[in-house]
Amino acid sequence: MASDHVDVLIVGAGLSGIGAAVHLQRECPGKTYAVLEARDAIGGTWDLFRYPGIRSDSDMYTLGYSFKPWTNPKAIADGDSIREYVRETAREHGVSEHIRFHHRVIRAEFDSATARWTVHAHRADTGEHVVLTCAFLFTCSGYYGYDEGYTPEFPGVERYTGRLVHPQHWPEDLDYAGKRVVVIGSGATAVTLVPAMAEQAGHVTMLQRSPTYVISLPSRDALADALRRRLPAKAAYAVVRWKNVVLGVANFQLSRRAPGLVKKFLRRAAQGKLPVGYDIDRHFSPRYDPWDQRLCVVPDGDLFTAVSQGRAEVVTDTIDTFTERGIRLTSGAELPADIVVTATGLNLLALGGMRIAVDGAEVDLAQTVAYKGMMLSGVPNFAMTIGYTNASWTLKADLVASYVCRLLRHLDATGQQVVTPLAPASGDLVPIIDLQSGYVLRAVDQLPKQGPNAPWRLHQNYPRDVLLMRHGRLTDEGVRFSRAATPATDGAAERPAPVA
């Protein structure tokens, strides 16, 4: 049984984990670290998902790292390009040398007497049980399970003689050329799959129970193209990044304050991309308000184009039963299908499924309150990365990584060893992820909570969070600093020290 110690242990070698490692190297160069990755490759989501058309649903000027300009002409990028971007970042900064693949973290225990985490991992390649210790544990494993996607129980599915596929584990041998395909779902995965498969399939049907908001955006950013010809890459990247941040925040705030206006805009935009007389209200006018669920982006309107050209169609109905050759709908219509793709969502899995304990007491995540959307009440020297639901994941991941580095420098500067968030004394608590998507609602009771206001409330507002996390105080009412085996004291009462 191997055992060793690092200052910071990062869990996950995807977009967040690689970014966290680079921030740590740049901002805390004296700290030792390791990255544990359950799978055998860098990239996380962008290595796992290989379905046709896989791409970002956010622009790459905000999904990219703050420290590494995105220079590919495509603003809405394909999965291969994003995966290579993450791997290139790891190579350039030497992060690859710190990654231990096939290490699935099972359990982590914090001991206040030594101010250390003991982390237990299983090596899938050797079957070995590995134990590591660290001073700070930083999880960057996302919030859904990589092993299996969500597929509801479909009546009669055992009778179906065609191919049934979930996008999370796309078969390399799947030949859909000339085939009749039904994609069940209406989220980001479905609207990506349908136009991509329609290029080769005989016909593709997107079967949805209810509509989702779909918006067409250019696959290239005209301002970025212009600026790249006139400015250095870093300067052009920064300008476009902030332009897109401001537009995104404005879109979200307008959606919250005037949902009816945004609904009309989205409906009119879809109508302009579809044939005259198309039933917009049935297929593209959701019952919920914009941003109760994420908007689905289609680059250059590719979904609308596929529908307009007759290569794909949208059917809004419910499933009565699978048949031998397809799906019979509640309306009585039958959809013939050689292949059915269940783009029906994800299974939420907080912290990659790892269990945590503090001084021998198991931590129930559902009973914790998130501090600044990144730490958990009662859990010392621990941070997690959960990105924005209304903007690019990496915007928040960058802020979290920089904040962790600020905390580590503060601990060193003040002679402290432990930082522990404390739950708010009162106030209503709500789930940390505020979407109404099915995959969130199915597991909402398992998630950490948010408090009524800052620092226990996640704002979903990047400019505001920049002020809070890059420039705000590290010592406030929500956190306590202490040394090993000593009672926690109010951080504000500690001797002052300059912090970056």
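Definitions and cut-offs
Residues numbered from 1 in each chain as written. Predicted model: local features only at pLDDT ≥ 70, side-chain atom pairs only at ≥ 80, totals over all residues. Heavy atoms only, no water. Helix = DSSP H or I, 4+ residues; strand = E, 2+ residues; numbered from the N terminus. Rg over C-alpha atoms; globule rule 2.2 N^0.38 Å. Buried < 20%, exposed > 50% of the residue type's maximum accessible area, 1.4 Å probe, protein only. Expected span 1.5 Å × (residues − 1). Salt bridge = Lys/Arg side-chain N within 4 Å of Asp/Glu carboxyl O. Pairing = 2+ DSSP bridges. Axes fitted to C-alpha atoms, helices over the stretch in contact; angles between N-to-C directions. Contact = heavy atoms within 4.5 Å. 1 Å grid on protein atoms, 1.4 Å probe; cavity = no way out; pocket = protein on both sides within 12 Å on 5 of 7 lines; lining within 4 Å. Points joined across faces, edges and corners; volume = space filled by probe spheres on them. Nonpolar A, V, L, I, M, F, W, Y, C, P; charged D, E, K, R; others polar. Core = buried A, V, L, I, M, F, W, Y, C linked by side-chain atoms within 4.5 Å. Phe/Tyr/Trp six-rings, centres within 6.5 Å; stacked < 30°, edge-to-face > 60°.

I tried to follow the overall build of the protein on my own but got confused; where do I start?
A tally of helices and strands in the protein yields 13 helices and 26 strands. In summary, the protein has a C-alpha radius of gyration of 24 Å against a globular reference of 23 Å for 500 residues, a match within 12%. With the C-alpha coordinates aligned to their principal axes, the bounding extent of the protein is approximately 70 × 50 × 45 Å. Counting only residues that meet the buried cut, the protein has 54% of its 500 residues in that class.

What's the story with helix 1 (residues 15-27) in this structure? I'm lost.
Each α-helix turn comprises 3.6 residues. Residues three or four places apart therefore point the same way. Over its 13 residues, helix 1 extends 18 Å from the first C-alpha to the last, a length consistent with the 18 Å expected when each residue adds 1.5 Å. Helix 1 sits mainly inside the fold: ten of its 13 residues count as buried. For helix 1, the complete set of buried residues consists of Leu15, Ser16, Gly17, Ile18, Gly19, Ala20, Ala21, Val22, His23 and Leu24.

Can you help me understand the pattern of salt bridges in this one?
Side chains that differ in charge, positive against negative, can pair when their charged atoms come close. Summed over all chains, the structure comprises 25 salt bridges. Across the pair Arg107 and Glu109 runs a salt bridge whose closest N-O atoms are separated by 2.5 Å. Given a relative accessible area of 27%, Glu109 falls into the partly exposed group. Among the salt bridges present, the one from Arg123 reaches Asp125, with a minimum N-O distance of 2.6 Å. Exposure remark for Asp125: the relative accessible area of 39% places this residue in the partly exposed category. Salt bridges sharing partners connect three or more residues here, namely Arg39, Asp47, Arg50 and Arg87.

Teacher, can you tell me more about the sheet that holds strand 9 (residues 203-208) here?
In spatial order, the strands read 7-16-8-9-12; together these five strands make up an open sheet with parallel pairing. With one partner strand each, in any of the chains shown, strand 7 (163-165) and strand 12 (312-316) form the two edges of the open sheet. Each neighbouring strand pair of the sheet contributes to a mean axis angle of 20°, computed without reference to strand direction. One ladder, built from five bridges, connects strand 9 with strand 12; its direction is parallel.

Teacher, can you tell me more about the side chain of Arg241 here?
Tracing the backbone through its elements, the reader meets Arg241 in helix 7 (residues 233-257). Those residues within four positions of Arg241 in sequence are excluded, and the remaining contacts are Tyr61, Thr62, Gly64, Tyr65, Ser66, Leu395, Asp398 and Tyr462.

Whenever I open this one, empty space enclosed by the protein confuses me. Can you help?
One way to see where empty space is left: roll a probe the size of a water molecule over the atoms. Applying the stated criterion to the full structure yields three cavities of 30 Å³ or more. Considered as a void within the structure, the largest cavity measures approximately 100 Å³ in volume. Forming the boundary of the largest cavity are Thr139, Cys140, Ser141, Gly142, Tyr143, Ala350, Leu351, Met384, Thr385, Ile386, Leu447 and Pro448. Here the residues of the lining of the largest cavity sort into eight nonpolar, four polar and no charged.

Even after reading the chapter, I still don't get the layout of surface pockets, so can you show me in this structure?
Of the pockets and cavities examined, the second largest pocket occupies roughly 690 Å³. What lines the second largest pocket is a set of 29 residues, among which Asp59, Leu217, Asn244, Leu247 and Gly248 lie closest to the centre. Of all the secondary structure elements, the ones that give two or more residues to the lining of the second largest pocket are helix 3 (60-63), strand 10 (214-217) and helix 7. Ranked by residues supplied to the lining of the second largest pocket, first place goes to helix 7 with seven residues. Here the lining of the second largest pocket is built from residues that sort into 16 nonpolar, seven polar and six charged.

Whenever I open this one, the nonpolar core confuses me. Can you help?
The tendency in soluble globular proteins is for nonpolar side chains to be buried as a group. Core analysis: the largest hydrophobic core is formed by 98 residues, its most contacted members being Ile10, Ile18, Phe138, Val181, Val183, Met197 and Val204. In terms of residues, this core owes the most to one element, helix 11 (residues 393-414), which gives ten residues. Residues within four places of Val204 in sequence aside, it is in contact with Val181, Val183, Val194, Met197, Ala198, Arg311, Ala312 and Glu313. Core analysis: the next-biggest nonpolar cluster, separate from the first, contains 35 residues, Val6, Val363, Ile432 and Ile433 among them.

Where do I start with the pairing of strand 17 (residues 355-358) in this structure?
Look at any regular strand and the pattern is simple: side chains alternate between the two faces of the sheet. By the bridge criterion, four bridges tie strand 4 (residues 103-111) to strand 17 in an arrangement that is parallel. Bridge assignment links Phe110 to a residue of strand 17, and that residue is Val358. With two bridges joining them, strand 17 and strand 18 (residues 361-362) adopt antiparallel strand pairing. Opposite Ala357, over in strand 18, you have Glu362 as the bridge partner. Between strand 17 and the antiparallel strand that follows it, strand 18, lie two residues; Asp359 among them carries a positive phi value of about 50°.

I'm lost on the packing of aromatic side chains in this one. Help?
For any pair of aromatic rings, geometry is given as the distance between the ring centres together with the angle between the planes. Scanning the entire structure with this criterion turns up 15 aromatic pairs. With a centroid separation of 5.2 Å and an interplanar angle of 70°, the aromatic rings of Trp70 and Tyr85 are classed as edge-to-face. Residue Trp70 is found in the loop between helix 3 and helix 4 (79-92), and its partner Tyr85 is found in helix 4; the two are separated by 15 residues along the sequence. Note on Trp70: relative accessible area 4%, which makes it buried. A centroid spacing of 5.3 Å and a plane angle of 90° characterise the contact between Tyr213 and Tyr288, whose relative ring orientation is edge-to-face. Within this pair, whereas Tyr213 is found in the loop between strand 9 and strand 10, its partner Tyr288 is found in the loop between helix 9 (280-284) and strand 11 (296-299), the two being separated by 75 residues in sequence.

Geometry only, nothing functional implied.
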